[in-house]
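An overview of the molecular structure
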Protein chains: 2
Amino acid sequence: MKSAIFTLAVILFIGGFACAQDKPVDYGNPTLNTIHSRKSVRNFTGEAVSKEDLQKIVEAGMCAPTAMNRQPWSFVVVTDRQILDKLLEAIPSKKMLAKAGAAIIICALPDKSSKEMSVIDCSLAGENMLLAIESLGLGGLWTAAYPDENMMSSLRTVLGIPDNVIPMNVMPIGHPDGSDKPKDKYKEENVHWDKW
Amino acid sequence: MKSAIFTLAVILFIGGFACAQDKPVDYGNPTLNTIHSRKSVRNFTGEAVSKEDLQKIVEAGMCAPTAMNRQPWSFVVVTDRQILDKLLEAIPSKKMLAKAGAAIIICALPDKSSKEMSVIDCSLAGENMLLAIESLGLGGLWTAAYPDENMMSSLRTVLGIPDNVIPMNVMPIGHPDGSDKPKDKYKEENVHWDKW
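Residues numbered from 1 in each chain as written. Chains lettered and ligands numbered in written order. Predicted model: local features only at pLDDT ≥ 70, side-chain atom pairs only at ≥ 80, totals over all residues.

This part takes up the overall build of chain A. Each helix and strand in chain A was counted, giving 6 helices and 7 strands. Secondary structure of chain A in N-to-C order comes out as α-α-α-β-α-β-α-β-β-α-β-β-β. Here chain A, with 196 residues, has 46% of them falling under the buried criterion. In chain A, 76% of the contacts between residues at least 6 apart in sequence involve partners at least 24 apart. (Helix = DSSP H or I, 4+ residues; strand = E, 2+ residues; numbered from the N terminus. Buried ≥ 20, exposed ≤ 12 C-beta atoms within 10 Å, placed from the backbone. Contact = placed C-beta atoms within 7 Å.)

Below, the structure written as structure tokens:
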């Protein structure tokens, strides 16, 4: 009898655990669910990304707010395998490019705004793009170029980006192989109510 | 007969127009729809914002990626009307605070990362929060504090924020009165395929 109860308890425990693992948590609405399920995807299948999806991703970027509506941004979308390889050769640390289907380089235009505000506005755009990527079943991540002078210079050379433009990052995009998972980064001590 | 056809045409035209206005465009999935419908809301009803919603908003913020997973951020959530009024008194340009139900000040912690990366990471978090706000039927906007020394200093004084912390912005949050609409900022010339 005791062992039967124990076996039942084990089955219920494992069953409950499997269930919790299979069923994604509902954070209240589909947008919050996408925000919570977004992860930095570094492992891709090697499949191409459609031009239609890339277009949706840059359109999402341009929905972000910008200070004084200056829109101090531009986006280089790379799908050509030869250019992706040239980028990887120029910046070997961007190794996720090897199996990415595409990459987007977000470019800040300080002349249209200020250096600080163009960097912030392009970052706001970047998060829209990362969420768009997640919502389309694709994967990607922000890998920094700014403020590294060498990386920014390499991107300018390979892609023909003008000197007065800040190439902020390289966002490799592709079909996730499923191995990357979201991180839980919530920490209560980072929230201050009414006063620091 | 001619006038009947004309009347019919007018009715169909007006009817079609009203329809197009009422039915929101579908951008392909609920997250893309939220990204496209997000707007900077400056006009609030004056109603309070629930603590539950504010908690969801900061949780969404902490879902953003951070360089090297440093999480160089902290969030001051103000709901106390007296403190909101003190903020408005200290920085009169933040006039949307008058009818906002709450405000969040995103704080960058350069000591946990670098100045540049903490500013970028906090901006990524900020866009998550703006989309969370939109998805909850609330409204808000990013009003800059950084890099304005006077505004940052006022925020530090009113909220007790330490000197080594960068108060990035003030995000007034509230119930929209419905008058603010999203801007279409898509420009084809901002997209470069494969080369600048």
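Read on for the rest.
Turning our eyes to something else, we now look at the pairing of strand β2 (residues 102–108) of chain A. Residues and elements named next belong to chain A. For β2, a buried count of 7 out of 7 residues is recorded, marking the element as mostly surrounded by other parts of the structure. As defined by bridge partners, strand β1 (residues 73–78) adjoins β2 across 6 bridges and the pair is classed as antiparallel. Within β2, the residue paired with Val-76 across the bridge is Ile-105. Alignment of β2 against strand β6 (residues 169–174), held across 3 bridges, turns out to be antiparallel. From the neighbouring strand, Ala-102 faces β6, where its bridge partner is Ile-173. (Pairing = 2+ DSSP bridges.)

Turning next to the pairing of strand β6 (residues 169–174) of chain B. On any regular strand, side chains alternate: one points to one face of the sheet, the next to the other face. Residue and element names in this part refer to chain B. The buried count for β6 comes to 6 of 6 residues, which makes it a mostly enclosed element. Here β6 shows two buried faces, one formed by Asn-169, Met-171 and Ile-173 and the other by Val-170, Pro-172 and Gly-174. As judged from the 2 bridges shared by strand β3 (residues 139–140) and β6, these two strands associate in the antiparallel manner. Of the residues in β6, the one forming a bridge with Gly-139 is Gly-174. Looking at chain direction, strand β4 (residues 143–144) and β6 are connected through 2 bridges and run antiparallel.

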